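Structural overview
Single-letter residue listing:
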Amino acid sequence: MTGMRDIGGIVFDKDGTLFDFHTTWAGWTLRLMQTLSKAHNVPIRQIADAADFDLVAERIKASSPLIAATNRECAEALASAIPGIDIDALEHEMMVSSADMPLAPSVPLSPFLEGLRGRGLRLGVMTNDTEYGARAHLRSAGVLEQFDFIAGFDSGHGAKPAPGPLLAFARAAGIAPEHSVMVGDSTHDLIAGRRAGMHTVGVLTGIAERGELAPHADVVLPDIGHIPAWLDG
């Protein structure tokens, strides 16, 4: 592996990394389940059990199949509790409705990203969400133009934990994988980074705890705001 002085690019996961996971997604998931429960006359508890969602705490559990899953996999998990539902239609509805979600950045993103670009770094986003959703969220946060590469699970490069999307970032940025960093809040992110031959940084703004991320990460940080100091370290 190279030293930090040789880093030329950073690719970020989106949810739980650039944006705080619980603040952004717990409320949306609850509202979606309430809508599905009413529309299909299915007890919300049945849907919540399929999603591994804590209705009392109104939080997505760490064991939820929704964590780090693709949009399609999330739709399939919810649909397993609703007999006869059209999974394609549910997946499309989730993509459209989630794109309008109010987001909770894990740090003030614009100055943070400007600081990284000021170091000459190329920046990317790779999410297991759709590319449509990723672009919508980054646009609404006012940082879409800060990124050189944006990919979802449906962008043709595969989905994490496979390394394909990260290798696509490296190719697009013109940077060797060993001169790149993958930053994420889940083991899917970090395993993908390791498989791609990248440095890996875990952050604690998602659901996974330090002990879960540490075996797959060069370092685990409280949030992405600590990355500049790590690079200087």
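Residues numbered from 1 in each chain as written. Predicted model: local features only at pLDDT ≥ 70, side-chain atom pairs only at ≥ 80, totals over all residues. Heavy atoms only, no water.

**Observations regarding unusual backbone geometry**
The omega torsion of the bond from K160 to P161 falls at 15°, within 30 degrees of zero and hence cis. With respect to the secondary-structure elements, P161 resides in the loop between strand 5 (149-151) and helix 7 (164-173). You will see that N41, though not glycine, has its phi angle at about 55°, which is positive. For N41, the position within the fold is in the loop between helix 1 (21-40) and helix 2 (44-51). Phi at E58 is positive, roughly 55°, even though this residue is not glycine. Relative to the assigned elements, E58 resides in the loop between strand 2 (53-54) and strand 3 (59-60). (Helix = DSSP H or I, 4+ residues; strand = E, 2+ residues; numbered from the N terminus.)

**Observations regarding the environment of L144**
Its location among the elements puts L144 in the loop between helix 6 (131-140) and strand 5. Residue classification places L144 among the buried residues on the basis of a relative accessible area of 12%. Remark: the alpha-carbon pair of L144 and P215, spanning 71 residues in sequence, is separated by 32 Å. Once residues within four sequence positions are removed from consideration, L144 is found in contact with R135, L138, R139 and I150. (Buried < 20%, exposed > 50% of the residue type's maximum accessible area, 1.4 Å probe, protein only. Contact = heavy atoms within 4.5 Å.)

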